[in-house]
Every structure is written in C-alpha cells, then in structure tokens.
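So the chains spell out like this:
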Amino acid sequence: MVKLETSLIHEGKQFNDSKAVVTPIFQTSTYLADTDLAAYISAATATKHPTFYHRHGNPTNSQVAEIIAGLEKTEDALLLATGMAAISTAILAIVQAGDHIVAQHAHYSGTTLFFKEFLVEYGIELTQVDQKDNEAFERALQPNTKLIYVETPSNPNLDLTDLAFIGQLGKRLGITTMADNTFASPINQTPHDFGIDVIVHSATKYLGGHSDLTAGVVCGTAAYIEKVWRRSLVLGASLSPFDSWLLLRGIKTLALRVRQINENALQLARWLDTKEVLRNVAYIGLPTHKQYQLAKQQLRGFTGMICLELAGDNEDQAYRRAQAVLSKLQIFINAASLGGVESLIVHPASMWGTHHDADQKKNSGITKGMLRISVGIEHIDDLIADFEQALSGIASVE
Ligand SMILES: *Cc1c(COP(=O)(O)O)cnc(C)c1O
C-alpha cells in the first residue's frame, strides 16, 4: 500500500484504459457490448460493471470509489449523485418495515427529514438520543434495532459522538453502525478504526472541495456495497460522468486542502475566542470545547468548522448582532454548504428554520445568535482581518 497522499493521485488508475494521463470523462449512457450473448448476460448481471450502462457503473466512478474506500479503510465504496442519495440508499439497504433505528438529535437536516418523514411512514421505528451521552444509545436499544446511525462532528454545533463506544456496542450486539463522516473528512477521522461498519459522506463538501459538484459515497464491506448497489440500480441516483470527473480532480488535493483548512480554522478559532462580543466559540480543537479530550482521541485534525454565538442581553439582540456580522463580512460568503476552498458562513436558525420544529431546534442546540463557518484556504491574515472589521462596533448593536 502506498501512502495516503500518493493514493489520492494514483489509486484506481486501472479503470482508465486510455493513454491519457488524466482520466477522460466517459460522457456516455451506454457502452458497446459483447455480441456473444453469454458474455452479454454476464456483463448485464455483474455488480458495478464500469462499462455496461450508466446506472450500473462508470469507469470514473469506479476510480474515485477505489480511492475513497482506501481512505476510509473499507473493502469497497459506491458513489451516488448526492450525499442524501448515499445516506438514503445506504440505510434502505439495511432496514425494512418493523425495524428500529437509533439516531441522534443533531443530524444534517436532510437526514433528519429522511428519518422522521420518510422512514417512519414506511413503518420503521426511530429513537433519537443526545449524542454526547453514551448510555443514551444503549438505553434506546430494542430487540428490533437494526442500525445505530451517528454523525460526528454534528451539524451545526459540532458535538461529538464517541465512535469507539458506538463501534464496540454495535459489534457486541450484532447491530450495524453507520457514521456520516462529512464534517471530519477521512483525512481527519476514519470511523472504521473504531469499529464502525458503514461510512457515508456528502462528497459535495471536503472530498470534492471546490463547491462545483454534488456527490455522495457509501463505504463498507464488499458484500454490503453490493446490496447498496442493488438498491441504487432501482432508486437510480447515479453520479453523472462530469461530476465524478470533477470529484476525481478535486480529491487529488484533499490532503493538502484539509491540512491548510485545519490550520486556518485553529488560528481563526483561537483569535475569535478572545472576543467578548462572542458568547461562545465552538471549535473542537480548542481546549475550551466540552469534548476536547474525545476530539483528541478520535480525530487527527480538527476540521474547518467553527460555530459562533453572538453575545446579547436576549436572543433577539444576539440575532441582530449575528445579522450585522453577516452583512459586514467581505471575504466570508453567506452561502449554504461547506468544505470548499472558499470560506463560507451561514445563519443556522434561518437555514433550518423551516425544516425544524421548536423541539428539534432546541434539541439540536441551534440558537438565533449562532453563525456557522466553514473555513477555506485563503490567507489566515485576511480571514482574521475580515472578522476584525466585521466585529468592530458590534457591541453597540442594540
Ligand atoms: C451536506 C451534507 C449532507 C447532504 O449532502 P448533499 O450532497 O447535499 O446531498 C449530509 N450530511 C452532512 C453532514 C452534510 O453536511
């Protein structure tokens, strides 16, 4: 096995059978098949055949999947059109009516919607727990529990789940465990090291890294990925040839980008943490983070995600201050998503205001004075200067 940085550039090259150094875009829905009908049948029924019909597979998808399976240390991986396609298809390959899932209060909003509005309607039971409380996962288990689903660090307020505890719990009881590793990226965290069975990502974020594509990936054993692939054949959320080509291009610099992002975010978080106008700076790399010890145990780097909370005499004042900061920032772009080379910022309470009811907002810890940052690879001096000018005078916002 070559080292990680080398694998990002050279793994899966066998799927490019042309002489082009850069894998071409296989912009085709179908492929010339063998006229021998026995050979045709074997191609038509082969799992993930890369050159039969697009929903079955695509050479670039296979190449990227091999790279990502290597990063996540799993046997195999499958690429899909979005993170939500990966998450929903991966879960539908595990549960059926009558089964029970244990999940967290805090998840990506689309995941919560999938659990609460989709799976529950299809007869699957759900219990949501506080991810910081190991025993809560154990207490929630039922005889029909088939899946423990975690997301760590979670969106948006950066709480952690104890992966070693969940991995052992699943192994001991024979329950499948699945982790959304989007926020960490495989550079910073590999849940498989802690016994987690299935790893999912929105590859739209750090893996792609340039905010120019959507994609998702499921990583697990070869036998499980075959099941996911069978589901994906009929659910049909295949990743387009151009998006998988962009993903292959983006992933080559994953290690470089993530390391720079980790470094920028740590410096920015330390600087922000000294500002009195901020009531809280949640960054898992700060010793003041309530789960800093766990962060050091299960992550190699602390990501580019920071969650700020403006101080205020009440929620409404904090909200007006968050609004003012957002309006004054010049370099940080007010946009959904994360994990790209450019720094982004969002107001979580506005972003998920329509998805979450009051109870969910409380359980997920989202407040009106909160801002979530995804730090990019710009020069750190410029990022700090942008916040310096945006925070100046904020204390006078009534
Ligand atoms: C964005 C995101 C998703 C959904 O991914 P899409 O590519 O937008 O479908 C899932 N989980 C997390 C943690 C995310 O940030």
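Residues numbered from 1 in each chain as written. Predicted model: local features only at pLDDT ≥ 70, side-chain atom pairs only at ≥ 80, totals over all residues. Heavy atoms only, no water.

As recorded by an unreviewed UniProt entry, the protein carries the name Aminotransferase class I/II-fold pyridoxal phosphate-dependent enzyme and is attributed to Sphingobacterium oryzagri. Quoted verbatim from the Cofactor (unreviewed entry) field of the UniProt record, the comment on the protein reads "pyridoxal 5'-phosphate". Word for word, the UniProt comment on the protein under Sequence similarities (unreviewed entry) is "Belongs to the trans-sulfuration enzymes family." (UniProt positions renumbered as here; feature names shortened; annotations may be inferred.)

Moving on to the site of the ligand. Residues in close proximity to the ligand total 14 residues, the closest being Gly83, Met84, Asp180, Thr204 and Lys205. Within the side chain of Thr204, one N or O atom sits 2.6 Å away from an oxygen atom of the ligand. One of the side-chain nitrogen or oxygen atoms of Lys205 is found 2.8 Å away from an oxygen atom of the ligand. Considered on its own, the ligand offers 380 Å² of accessible surface; in the complex 92% of this is hidden by protein. Looking at the shell around the ligand, the element that brings in the most residues is helix 4 (residues 83–92), giving 3 residues. Partitioning the shell around the ligand into residue classes produces 6 nonpolar, 5 polar and 3 charged. (Near = heavy atom within 4 Å. Polar contact = N/O pair within 3.5 Å; in protein donor to acceptor, adjacent residues only side chain to side chain. Areas by Shrake-Rupley, 256 points an atom, 1.4 Å probe, with all protein chains shown as cover. Helix = DSSP H or I, 4+ residues; strand = E, 2+ residues; numbered from the N terminus. Nonpolar A, V, L, I, M, F, W, Y, C, P; charged D, E, K, R; others polar.)

By domain assignment, the protein separates into domain 1 (4–251) and domain 2 (254–396). Between the C-alpha centres of domain 1 and domain 2 the distance comes to 27 Å. Contacts between the two partners involve 43 residues from domain 1 and, on the opposite side, 42 residues from domain 2. Between domain 1 and domain 2 lies a buried interface of about 3400 Å² when both sides are counted; carbon and sulfur atoms form 58% of it. Looking at the side of domain 1 facing domain 2, the largest losses of area belong to Leu160, Asn188 and Tyr206, adding up to 22% of the total buried there. At the boundary of domain 1 with domain 2, the tally comes to 3 salt bridges. For Asp193, the salt bridge goes to Arg300, with nearest N and O atoms at 3.9 Å. Applying the counting rule to domain 1 against domain 2 returns 20 residue pairs in polar contact (both at pLDDT 80 or more). Of the residues that constitute the side of domain 1 that touches domain 2, the class distribution is 19 nonpolar, 17 polar and 7 charged. (Domains from an automatic or database assignment. Contact = heavy atoms within 4.5 Å. Buried area = accessible area lost by both parts, 1.4 Å probe. Salt bridge = Lys/Arg side-chain N within 4 Å of Asp/Glu carboxyl O.)

This paragraph deals with the pattern of salt bridges. What the rule picks out here adds up to 14 salt bridges. Here Asp193 and Lys73 are joined by a salt bridge, their closest N and O atoms 3.0 Å apart. Separated by 120 residues along the polypeptide, Asp193 in the loop between helix 8 (185–188) and strand 6 (198–202) and Lys73 in the loop between helix 3 (59–72) and strand 1 (76–80) bring together distant segments of the chain. When the shortest N-O distance is used, the salt bridge between Lys146 and Asp99 registers 3.1 Å. Of this pair, Lys146 sits in strand 4 (residues 145–151) while Asp99 sits in the loop between helix 4 and strand 2 (100–104), placing them 47 residues apart in sequence. Residue classification places Lys146 among the partly exposed residues on the basis of a relative accessible area of 36%. One salt-bridge network, in which partners are shared between bridges, spans Asp130, Lys132, Asp159 and Lys290. (Buried < 20%, exposed > 50% of the residue type's maximum accessible area, 1.4 Å probe, protein only.)

With that settled, the discussion passes to the packing of helix 4 against helix 9 (residues 222–235). Where helix 4 contacts helix 9, the two axes come as close as 9 Å, and the packing angle between them is 115°. The pairing of helix 4 with helix 9 is recorded here as roughly perpendicular in orientation. For the crossing formed where helix 4 meets helix 9, the hand is right-handed. Where helix 4 approaches helix 9, its residues Thr89, Ala90 and Leu92 are matched on the opposing element by Tyr224, Val228, Arg231, Ser232 and Leu235. Residues belonging to the contact of helix 4 with helix 9 are distributed by class as follows: 5 nonpolar, 2 polar and 1 charged. (Axes fitted to C-alpha atoms, helices over the stretch in contact; angles between N-to-C directions. Parallel < 35°, antiparallel > 145°, perpendicular 65-115°, else oblique. Left-handed = near helix turned anticlockwise from the far one by under 90°.)

This part covers the packing of aromatic side chains. Tallied over the entire structure, the rule returns 8 aromatic pairs. Judged by centre distance (6.5 Å) and plane angle (40°), the rings of Phe114 and Phe115 are tilted. Phe115 carries the same exposure label as Phe114, and that label is buried. Clustering of aromatic rings is evident, with ring pairs tying together Phe114, Phe115, Phe118, Tyr122 and Tyr149. For the cation-ring pair, Lys275 lies above Trp271, with the distance from its terminal atom to the ring centre recorded as 4.4 Å. (Phe/Tyr/Trp six-rings, centres within 6.5 Å; stacked < 30°, edge-to-face > 60°. Lys NZ or Arg CZ within 6 Å of the ring centre and 35° of its normal.)

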